[in-house]
Each structure stands twice: as C-alpha cells, then as structure tokens.
Amino acid sequence: MSPLAQRLEQAWTTGVPVMPLSESDGLTREDAYEVQHAWTAMRVAGGERVVGRKIGLTSAAIRAQAGVDEPDYGSLWGSRQYVAAGGRAEAPAETFVAPRVEGELAFLLGADLGEGATAQQVLAATEALAVSIEIIDSRIRDWRLTIADTIADNASYGGFVLGPWSRGLRHADLGTLGMVMHQNGHVAATGVGVESFGHPARAVAWLARKLASFGEHLSAGSIVLSGALGRAPDVAHGDEITLRITNNPPLTVRFT
C-alpha cells in the first residue's frame, strides 16, 4: 500500500488533491489504516514528529450519514501545530487544500492508556485539558470521500491550535460544556461536549482500545484531540476563527 501513501504525501506537499482512493484503487476500510500507518512512518522517517492523536467521526449523526459504526483516528504531526501566543495564532491558508475548522477539547495524558480503557480511566490519566481548534483538510478532491478515504488520509488532518492547558478543567462536567465558534465575528458553529461520542473522555477511551487492536497504545505526554463539538465551517485566506468553550479563555486563529 506504500504507493498510496506516497500519493497522499505528494498531495500534502503540493496542495493538489487526488481522486478518491476508494474509486481509483478500490481501497477498502480494512486496508485504510495500513495506508495511514505507512504514510505516518514515511513522514517520521523524513523528520516529522508525532505529538499525539486525533479522533474523527465522533458525531453519531455524521457516522450514520457515512454508514459507519465507529469513529476513526489519525496522528497529530507536529509540523502543523500552530502555537498560540496570548490566545491568538496564525496559519498560512496556502498550506491547505480545502480547510475547515472544528472546536474541540484536547487531552494531555499523564499516564499510558491501552486495552480495556474506560472513560473513568481516561480522566484519571489526564494531566490537563485545553480548548483546541482543529484544522481539518482533505487531500481527496472536493471532500468526496468514503470512510476508507478519510482513514487513509490521516483522518483528514490539517493542523491544530491549542489554548492554555488547564488542570482545573479535569474536574469540569465535560459533557455539558458549551461551545460557540465565531467566523469573522459571526456565529459559525455551536455545540456541547456530549456531541463528542457521548462524552469527550469516552471518545479517548475508544481510541485507546482501537490502538490496542493494532498493538499500540496512547503514551503519557501525548496530546489527544477528542472530536468536534459542532459543525465544521469552511475557511479561507483572511478568515478569523474564535472559539469559546464554557469557563475557558477564547482561542483565535487567523488564516493568513
């Protein structure tokens, strides 16, 4: 499957999308993670850093629409972490193919998690949480993808921005936290913590168990983006996105 990973890498590098791999190469859901893992290994061999994981398809409505019964996951590549200063970050719009943004909660793990992980164990292993804006992007032309395509495409990873880590947020009722995202001053998305797989910690527990099925685990020190709390609006050059989640400072990213 390495030729497919090479094709995705070329699309990542050039910004020129490819046809759905499920159409051009008959890629199946069963083989898609093999492509994703090969692509990550290729990037790591070239100097990329994996700083954590991201979870996609945490919305029950989106999974039903896609005809799948579980979320998916990808790796967070450190070269696309945009560091915020004073609650603001910038991301070059030209880096992406067809970017969208999601409001999420990020977990910083203080202990390993693996087979049999529960939401309670996730919360016990969590060192801190933060507000996060995930930039999702698709190397698949026009976002015309199946579950196999998005899995292979590193779960449509584009980049991410983090707010300040909060240890106090570990004690919040994460399922009831409200989210509002503004795009250029107008409300673009709203949501609540329960929209991420019923509870953000439940989504992280699913990820730990899924990784265990591949002989892997979530390591202490990893960042985990736990899934979107609402819809993902398209963004373009000049857009400014501000995310607010209950009792947390706002986080802004501007696409330059």
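In the block above lies the structure referred to throughout.
A few points on the structure. In every chain, residue numbers begin from 1 and rise along the written sequence. Given that this is a predicted model, residues contribute local features only at a pLDDT of at least 70 and side-chain atom pairs are listed and counted only at 80 or more, while totals for whole chains, interfaces and linings are drawn from all residues. Excluded from the side-chain calculations are hydrogens and water; all other atoms, namely the structure's heavy atoms, are used.

### Things to note about the pairing of strand β7 (residues 178-183)
Move 1: Burial along β7 is one-sided: M179, M181 and Q183 are buried, and none of G178, V180 and H182, which face the opposite way, are.
Move 2: Following DSSP output, two strands are said to pair if at least two bridges run between them. Secondary structure elements are taken from DSSP: a helix is a run of H or I of four residues or more, a strand is a run of E of two residues or more, and numbering for both begins at the N terminus. Direction of pairing for β7 relative to strand β8 (residues 186-192): antiparallel, over a ladder of six bridges. Bridge pairing in β8 links M179 to G191.
Move 3: Where β7 folds back on β8, the antiparallel hairpin that results is connected by two residues, among which N184 adopts a positive phi of roughly 55°.
Move 4: Pairing between β7 and strand β10 (residues 240-245): five bridges, direction antiparallel. Classification of residues uses two cut-offs on accessible area relative to the type maximum, computed with a 1.4 Å probe and protein chains only: under 20% is buried, over 50% is exposed, and between them is partly exposed.

### A word on the nonpolar core
Move 1: Throughout, nonpolar core names a set of buried Ala, Val, Leu, Ile, Met, Phe, Trp, Tyr and Cys residues whose side chains join them through atoms within 4.5 Å. Grouped together as the largest cluster of nonpolar side chains are 74 residues, with contacts concentrated most on L113, L218 and F255.
Move 2: With eight residues, helix α7 (residues 200-212) is the single largest residue contributor to this core.
Move 3: When checking whether two residues touch, look at their non-hydrogen atoms; a contact exists if any pair is within 4.5 Å. Setting aside anything within four residues of it in sequence, one finds F255 in contact with A91, A93, F96, V101, I135, V235, A236, H237, G238, D239 and I241.

### Some remarks on the environment of G116
Move 1: Tracing the backbone shows G116 in the loop between β4 (100-109) and α5 (119-125).
Move 2: Along the backbone, G116 and A212 are 96 residues apart, and their C-alpha atoms lie at a distance of 8.5 Å.
Move 3: In contact with G116, other than residues within four places in its own chain, are Q121 and R209.

### Digging into the sheet that holds β4
Move 1: The strand order β2-β1-β9-β4-β5-β6 describes an open sheet built from six strands, whose pairing is mixed. Looking at the sheet topology across the chains shown, the edges are occupied by β2 (72-77) and β6 (157-162). Shown here is a sheet whose adjacent strand axes are inclined to one another by a mean of 30°, direction ignored.
Move 2: Across six bridges, strand β1 (residues 50-56) lies against β2 in antiparallel orientation. When the bridges of β2 are listed, I55 appears paired with Y73.
Move 3: With axes taken as lines fitted to C-alpha atoms, and helix axes fitted only over the stretch in contact, angles between N-to-C directions fall between 0 and 180 degrees. Docked against the sheet, helix α3 (residues 29-45) engages β1 and β2, running at close to 5° with respect to β2.

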